[in-house]
Amino acid sequence: MTAVRLEVSNEGGGTVISLAGPLTATALAPVWTRAVDAARRAGDGLAIDVAGAELVDTSGAALLLALERDHPGRIEWRGLGEKPTQLMARLRAAVPNGVTAKVPARTVTRTSVWQTFLIRVTFFGETILATLSLPGKLRFLRGGNFFRLVERAGTQAMPLVGMMGFLIGMILAFQSAIPMRQFGADIYVAALVSLSLFRELGPLLGAVILAGRTGSAFAAELGTMVVNEEVAALTTMGIDAETMLVIPRMAAAMVVMPALALGVDIAGVLGMGLVMMILGFPPSAILNQIQMATGPYDLLLGLFKAVVFGAAIGLIGCRAGLTAGGGPRAVGEAATSAVVGGIVVTILLDGLFAVIFYRLGL
Amino acid sequence: MSGAGAPAIVVDHAGQSFGGRVIFEDVSFTVATGEVFVVLGGSGCGKSTLLNQMIGLLTPTKGRITVGGHDVVARVAAVRREIGVMFQSGALFGSMTLLENVMLPLVMFTDLPARARAEIARIKLAMVGLAEAVNLLPSEISGGMAKRAAIARALALDPPILFLDEPSAGLDPITGAGLDRLILDLRATLDCTFVVVTHELQSIFAIADRCVMLDRAARGMIALGEPRDLQQSSTHPTVRAFFNRDAQ
Ligand SMILES: Nc1ncnc2c1ncn2[C@@H]1O[C@H](COP(=O)(O)OP(=O)(O)O)[C@@H](O)[C@H]1O
Ligand SMILES: [Mg+2]
């Protein structure tokens with residue numbers, strides 16, 4: 001497709017804006033802002049020459065109307081054919097008292113934050129992504145809303161994570177303190193509980209919470225979109241639904257999952273500490289035990305597992321949603337299989353990790 | 001209409017079956033550029049199925065379809081640049097306002113500045129009579145408005161061919177007639193070819209240049225032509241019964 005050409009020239013004291021080529025949505029991008037600025041700045045006696053425009057569709061007419069609105073004075077139209085004149089008249093009539101093109105606040109923040117983020121990601125990530133098939137489809141990420149997903153999957157889960165972690169820490173400490181006290185070994189409860197939290201329970205409990213809250217939500221959300229033909233609508237628009245819907249969700253799950261695991265870890269240690277203090281150990285002794293029993297890489301190992309669990313749960317949730325069948329039960333079934341699938345796969349992966357870490361001596 | 005140009009759509013002996021169950025066979029017709037072509041028939045006869053074949057969502061089990069000169073199976077990406085689709089349910093994205101719904105294709109396929117996208121989307125919504133509703137969510141609007149918004153979204157990139165699946169079904173007669181008027185109005189302002197699925201007799205007479213009638217019992221098409229001609233001279237009993245419903 002040929003490009004739109006824009007020329008701004010002076011003619012006997014007045015300004016002439018000439019537009020040539022196809023005035024359509026896909027072609028207008030390079031000239032839109034410049035044309036609107038020129039119209040706004042032009043003094044009295046602006047002429048707009050569209051004799052060279054091969055085609056004026058509604059998007060082209062939208063630009064011409066924007067020029068008309070933003071120019072303070074009168075406009076002399078040159079070379080505006082009969083069809084475009086009709087179209088513009090029709091659109092002027094449809095738009096109440098001129099076109100008020102205010103981008104809604106929600107869209108502004110969402111688009112611009114997302115786009116600046118995207119620019120950064122593409123800047124750093126282009127080389128990495130080039131190896132995958134993503135670059136051609138990167139534009140389809142524009143429709144996602146990663147930050148909202150992170151907020152719902154992560155931030156909003158934190159109270160639950162804190163409560164579960166704290167209670168589990170308390171219960172574990174209390175239950176193991178009773179038998180270990182018989183051997184006078186109850187101080188080692190601090191080591192036992194924190195080690196199992198960092199390496200196992202943090203990621204696992206976090207995964208259960210993610211599967212229950214977020215995996216099911218992904219499945220229900222995408223399942224509803226399938227049932228409402230929204231995914232079909234995306235497909236017929238030529239938009240890659242997988243890229244637009246799945247990748248941001250998977251990325252959000254992967255980002256959020258280590259935070260959830262860490263939340264369980266911290267809350268669990270606090271719960272355990274409370275029980276130990278009730279049993280009469282001073283905080284310094286408890287801390288000392290934790291330090292001796294665990295190293296930073298116990299924590300990092302757990303967080304690494306958490307990222308993998310997050311990817312699996314996100315992917316399984318999206319899959320379940322996108323493969324939802326028809327009928328009223330489809331969405332419920334998708335959500336169920338997302339939760340069950342997410343938890344089962346997490347536990348299988350955890351077993352696999354146990355074997356691998358053992359082999360590697362980690 | 002403009003008989004000189006290449007046909008917008010050619011359906012050549014298309015057939016569809018699902019696991020051995022034949023929905024229709026031997027459906028053939030041509031849609032001329034600029035025409036309003038109606039696909040009609042009782043519910044369950046395969047109208048949406050035929051539509052899904054034409055928009056490349058479903059591969060015909062028999063026959064061949066070209067849209068805008070491109071084979072819908074082999075060149076589906078090219079076909080999708082030529083078409084806009086309004087689905088039977090509207091299929092608006094529930095988490096987005098109407099403006100954002102219409103903006104989505106512009107976000108995806110153009111590099112227009114955000115302001116320009118909003119401006120274009122607003123005009124499209126104004127064109128379908130929703131100038132005041134741009135910031136509402138799909139859950140906040142009526143069924144008729146949802147269909148209008150879906151049409152605006154289908155128009156987002158000014159495709160030359162529009163597919164509308166049951167624009168007036170499930171609406172009260174007044175709202176339905178409003179949608180018929182909208183289609184006529186768009187047809188007068190845009191250089192578009194329309195394929196409209198419907199089973200409303202009034203709509204057919206109001207908008208159709210020509211129509212094809214599918215029938216479940218016949219598992220295929222039972223009529224093709226201008227509605228007036230079919231009403232007056234069809235010999236097929238089902239066609240006669242359908243077109244002369246009001247008369248009886
Ligand atoms: N994906 C599918 N799998 C199996 N059967 C289907 C599928 N899609 C449609 N059908 C069947 O095809 C028939 C025609 O459906 P449809 O085209 O939606 O009818 P309508 O004319 O009401 O739009 C129905 O009996 C429906 O059950
Ligand atoms: Mg249907």
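This text follows the structure it describes.
Residues numbered from 1 in each chain as written. Chains lettered and ligands numbered in written order. Predicted model: local features only at pLDDT ≥ 70, side-chain atom pairs only at ≥ 80, totals over all residues. Heavy atoms only, no water.

**What about the overall build of chain A?**
Inference 1: Broken down by element type, chain A carries 13 helices and five strands.
Inference 2: For chain A, the proportion of its 362 residues judged to be buried stands at 48%.
Inference 3: The long-range fraction of contacts in chain A, counting pairs at least 24 apart against all pairs at least 6 apart in sequence, stands at 80%.
Inference 4: When the accessible surface of chain A is summed, it comes to about 17,300 Å², and 67% of that surface belongs to carbon and sulfur atoms. (Helix = DSSP H or I, 4+ residues; strand = E, 2+ residues; numbered from the N terminus. Buried < 20%, exposed > 50% of the residue type's maximum accessible area, 1.4 Å probe, protein only. Contact = heavy atoms within 4.5 Å. Areas by Shrake-Rupley, 256 points an atom, 1.4 Å probe, with all protein chains shown as cover.)

**Things to note about the pairing of strand S3 (residues 46-49) of chain A**
Residue and element names in this part refer to chain A.
Inference 1: Relative to S3, strand S2 (residues 14-23) runs parallel, the two being bridged by four bridges. Bridge pairing in S3 links Val16 to Ala47.
Inference 2: Where S3 meets strand S5 (residues 75-78), four bridges bridge the pair, whose relative direction is parallel. Residue pairing across strands places Ile48 opposite Trp77, the latter belonging to S5. (Pairing = 2+ DSSP bridges.)

**Looking at the pairing of strand S2 (residues 21-31) of chain B**
Moving residue by residue along a regular strand, the side chains alternate between the two faces of the sheet.
Inference 1: Looking at chain direction, strand S1 (residues 9-18) of chain B and S2 of chain B are connected through seven bridges and run antiparallel. Directly across from Val10 of chain B, in S2 of chain B, lies its bridge partner Thr30 of chain B.

**Description of the sheet that holds strand S3 (residues 36-40) of chain B**
All names here are of chain B.
Inference 1: If you trace the six strands from one edge of the open sheet to the other, you get S6-S7-S8-S3-S9-S10, paired in mixed fashion. Of all strands in the sheet, those with a lone pairing partner are strand S6 (83-86) and strand S10 (220-225), marking the two edges. Direction aside, the axes of adjacent strands within the sheet are offset by 15° on average.
Inference 2: As paired elements, S3 and strand S8 (residues 193-198) share five bridges and run parallel to each other. Note that in S8 the partner of Val39 across the bridge is Val197.
Inference 3: Helix H5 (residues 143-154) contacts S6 and strand S7 (161-165) of the sheet and is inclined by roughly 165° relative to S6. (Axes fitted to C-alpha atoms, helices over the stretch in contact; angles between N-to-C directions.)

**Considering the sheet that holds strand S4 (residues 62-67) of chain B**
Within a beta sheet, neighbouring strands are joined by backbone hydrogen bonds and run either parallel or antiparallel to one another.
Residues and elements named next belong to chain B.
Inference 1: Here we have four strands laid out as an open sheet, ordered S2-S1-S4-S5, and antiparallel in their pairing. Either end of the sheet is taken by a strand with one partner, and the two such strands are S2 and strand S5 (70-71).
Inference 2: Taken together, the two bridges between S4 and S5 define a ladder with antiparallel strand orientation. Paired with Val67 across the strands is His70, a residue of S5.

**A closer look at the packing of aromatic side chains**
Inference 1: By the definition in use, this model includes seven aromatic pairs over all chains.
Inference 2: Each ring, one from Phe353 of chain A and one from Phe357 of chain A, has its centre 5.4 Å from the other, and the planes form 25°; the classification is stacked. Of the two residues, Phe353 of chain A and Phe357 of chain A both sit in helix H13 (residues 330-360), four residues apart, roughly one turn of that helix. Like Phe357 of chain A, Phe353 of chain A is buried.
Inference 3: Between the aromatic rings of Phe205 of chain B and Phe243 of chain B, the centroid separation amounts to 6.0 Å while the plane-to-plane angle is 70°, which identifies the pairing as edge-to-face. In this pair, Phe205 of chain B sits in helix H7 (residues 201-207) while Phe243 of chain B sits in helix H9 (residues 237-243), placing the two residues 38 residues apart along the sequence.
Inference 4: Among the aromatic side chains, those forming a connected cluster through ring pairs are Phe304, Phe309, Phe353 and Phe357 of chain A.
Inference 5: When the ring centre of Phe218 of chain A is taken as origin, the NZ or CZ atom of Arg249 of chain A, which lies over that ring, is 5.8 Å away.
Inference 6: Geometry around Phe93 of chain B places Arg153 of chain B over its ring, the cationic atom sitting 4.4 Å from the centre. (Phe/Tyr/Trp six-rings, centres within 6.5 Å; stacked < 30°, edge-to-face > 60°. Lys NZ or Arg CZ within 6 Å of the ring centre and 35° of its normal.)

**Description of the site of ligand 1**
Residue and element names in this part refer to chain B.
Inference 1: Residues in contact with ligand 1, as listed here, are Phe18, Arg21, Ile23, Gly42, Ser43, Gly44, Cys45, Gly46, Lys47, Ser48 and Thr49.
Inference 2: At 2.8 Å from an oxygen atom of ligand 1 is found a main-chain nitrogen or oxygen belonging to Lys47.
Inference 3: Within the side chain of Thr49, one N or O atom sits 2.5 Å away from an oxygen atom of ligand 1.
Inference 4: Contributing elements (two or more residues each) for the shell around ligand 1: S2 and helix H1 (47-54).
Inference 5: Looking at the shell around ligand 1, the element that brings in the most residues is H1, giving three residues. (Near = heavy atom within 4 Å. Polar contact = N/O pair within 3.5 Å; in protein donor to acceptor, adjacent residues only side chain to side chain.)

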